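Report on the structure
Residues per chain are reported as follows:
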Amino acid sequence: MFNTIQVICASEKDKLILRGIFKNLGADAVFASDLNDALAVFEKARPAAVFTADGGEPPVEIQLREIRRVAPFIPVIPLLKRRDATRAVELMKAGAMDCAQSPWTEEELRPLYRKAVRLTGTPLELDSSALRRRRRSAALALAAFFAFAGFSGGLYYGYKKYSPKASHPHTFSLPYAHPTGIVIKKDAVLISDWFSQGLYEHSFKNFNITKVTSLPQVTPAAMTASQDALWLAGVNGVIERRLLDARYTQVSRTPALSPVPDGACFDGLYFWTVHSASGVITKRMPGDALTEMKKFKYPGKKLTAFTCDTRFLWAADPDLKAVVKMSLDDPERILVRSDLDAYASRTLKITAMAARDGRLWFAGEDGGRGLAFYRDEPK
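Below or above, wherever it landed, is the structure these notes cover. For clarity, every value in this text was computed on a predicted model and none was experimentally measured.

1. Notes on the pattern of salt bridges
Tallied over the entire structure, the rule returns 16 salt bridges. The salt bridge involving lysine 295 is made with glutamate 292; its shortest N-O contact spans 2.7 Å. Given a relative accessible area of 38%, lysine 295 falls into the partly exposed group. Here arginine 311 ties to glutamate 377 by a salt bridge, and the two come within 2.8 Å at their closest N and O atoms. With arginine 311 in the loop between strand E18 (305-308) and strand E19 (312-317) and glutamate 377 in the segment after strand E24 (369-376), the pair connects residues that are 66 residues apart, well separated along the chain. Classification of glutamate 377 by relative accessible area gives buried; the value is 8%.

2. Topic: the side chain of arginine 375
For arginine 375, the location among the structural elements is in strand E24. Although arginine 375 lies buried, it forms no salt bridge, and the closest oppositely charged side chain, aspartate 341, sits 6.3 Å away as judged by the N-O distance.

3. Some points on the sheet that holds strand E10 (residues 220-225)
Within a sheet, neighbouring strands are paired by backbone hydrogen bonds and run either parallel or antiparallel to one another. Pairing is antiparallel across the open sheet formed by 4 strands, whose spatial order is E10-E11-E12-E13. Only two strands of the sheet have a single partner each, and these edge strands are E10 and strand E13 (250-253). For this sheet, the mean angle separating the axes of adjacent strands, direction not counted, is 25°.

4. With respect to the state of the cysteines
Scanning the entire structure with this criterion turns up 1 disulfide. Disulfide pairing is shown between cysteine 265 and cysteine 308; the S-S distance is 2.2 Å. The S-S bond linking cysteine 265 to cysteine 308 shows a torsion near 115°; that makes this disulfide right-handed. Taken together, the residues span a long stretch of sequence, with cysteine 265 in strand E14 (residues 263-266) and cysteine 308 in strand E18 at a distance of 43 residues. Taking the relative accessible area as the measure of exposure, cysteine 265 reaches 1% and is therefore buried.

5. Observations concerning the side chain of aspartate 14
Within the secondary structure, aspartate 14 sits in helix H1 (residues 12-24). Filtering out sequence-adjacent residues up to four positions away, aspartate 14 remains in contact with Cys9, Lys81 and Trp104.

6. Observations concerning the packing of aromatic side chains
Tallied over the full model, the rule gives 14 aromatic pairs. On the basis of an interplanar angle of 10° and a centroid distance of 4.2 Å, the ring pair of phenylalanine 172 and phenylalanine 207 is categorised as stacked. Of the two residues, phenylalanine 172 is situated in strand E5 (residues 170-174) and phenylalanine 207 in the loop between strand E8 (198-203) and strand E9 (209-214); the sequence distance between them amounts to 35 residues. Between the aromatic rings of tryptophan 194 and phenylalanine 195, the centroid separation amounts to 5.7 Å while the plane-to-plane angle is 85°, which identifies the pairing as edge-to-face. We classify tryptophan 194 as partly exposed; its relative accessible area is 39%. On the accessibility criterion, phenylalanine 195 (58% relative accessible area) is exposed. Geometry around tyrosine 270 places lysine 283 over its ring, the cationic atom sitting 4.4 Å from the centre. The ring of phenylalanine 312 has lysine 325 lying over it, and the distance from NZ or CZ to the ring centre is 4.3 Å.

7. Overview of the layout of surface pockets
Considering only enclosed or pocket space, the largest pocket measures out at about 580 Å³ in volume. As for the largest pocket, its lining consists of 28 residues, and the residues nearest its centre are Val183, Ile184, Ala225, Ala355 and Arg356. For the lining of the largest pocket, the secondary structure elements donating two or more residues are strand E6 (179-184), E10, E14, E18 and strand E22 (348-356). Lining the second largest pocket are 17 residues, with Arg65, Leu174, Pro175, Tyr176 and Ala177 positioned closest to its centre. Taken together, the elements giving at least two residues each to the lining of the second largest pocket come down to helix H3 (60-70), E5 and E24. Here the lining of the second largest pocket takes 4 residues from H3, the largest share from any one element. Of the residues belonging to the lining of the second largest pocket, the class tally is 7 nonpolar, 5 polar and 5 charged. Per-domain counts for the lining of the second largest pocket show at least three residues from each of domain 1 (4-115) and domain 2 (170-376).

About the cut-offs
Residues numbered from 1 in each chain as written. Predicted model: local features only at pLDDT ≥ 70, side-chain atom pairs only at ≥ 80, totals over all residues. Heavy atoms only, no water. Salt bridge = Lys/Arg side-chain N within 4 Å of Asp/Glu carboxyl O. Buried < 20%, exposed > 50% of the residue type's maximum accessible area, 1.4 Å probe, protein only. Helix = DSSP H or I, 4+ residues; strand = E, 2+ residues; numbered from the N terminus. Lys, Arg positive; Asp, Glu negative; His and termini not counted. Pairing = 2+ DSSP bridges. Axes fitted to C-alpha atoms, helices over the stretch in contact; angles between N-to-C directions. Disulfide = S-S within 2.5 Å. Contact = heavy atoms within 4.5 Å. Phe/Tyr/Trp six-rings, centres within 6.5 Å; stacked < 30°, edge-to-face > 60°. Lys NZ or Arg CZ within 6 Å of the ring centre and 35° of its normal. 1 Å grid on protein atoms, 1.4 Å probe; cavity = no way out; pocket = protein on both sides within 12 Å on 5 of 7 lines; lining within 4 Å. Points joined across faces, edges and corners; volume = space filled by probe spheres on them. Nonpolar A, V, L, I, M, F, W, Y, C, P; charged D, E, K, R; others polar. Domains from an automatic or database assignment.

Okay, structure coming up:
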């Protein structure tokens, strides 16, 4: 009997080696060139195990986290390019079942493959007497539940009807911890991460990653979008205009801007950039050069994230613990200051914002973990 496994590997040479090994082991290996291809397969079927080759894009650590998010019970075995016990331990702490050390041979992979298949197919055997006891306990618990239901139902109805409705932002964990930009597309949320130098597209439905675009030549510090392009600001001060195609193809670059922007947005007519450390907000002409028009001083206390829509400028201010709304015509005047509940966490760092359809989106990190959340914009 052949067990279907998935192998994520970009190298054609390595694919040839691994295809022969898994065939000899009796496995039906389905190959994916990258994480995006692997996720597409996961939409249709669940393999018995996933083997992912080190050295691809995105890094194995991110692949592992995302696969664990989509299919938490499928064994994942990273294939390390070089022998590294320390890294293997760290990957197993992150959720890998085990790690295959280099060189990849049939002898090395056989025990890992058999272990993964056993783990996937192990039946759960229950002691019959223990099962009967559990059933009796469940019956008693069910009776108690219905006895309590009449009272609690009335109490709950009164609570729901007369108590104030709490407004909690929807929060999503990210498998990366250094977001710098967020763009809301029609059916996805696009987030840039400076550490992994990648663009991550998240599904609106469940916030799973549906696509990863590597940016090996860019360390993104900010990101925004216009009607027909994606704009990426690098830590070198250069802003790239990229097409909204499958690969976000670069079509132009600005000269290095100073100070280096770490926030950017497009209001439908003009571009805006910010340098958060100095609180400088700059209005710019549309075009490949993004020529400076006028500078403004942020009117709040501390700006860490910035965005705009066709009506207002918005900023996240940790010192005010609030969202600040400003006029497009007069950015040095605060129109509305609205407390942001998320700032109840003292370790929260909001580093990116986006505004769309009456909703404000935020991305950042809290205690070393990436997160994104949204709330309705303040009136």
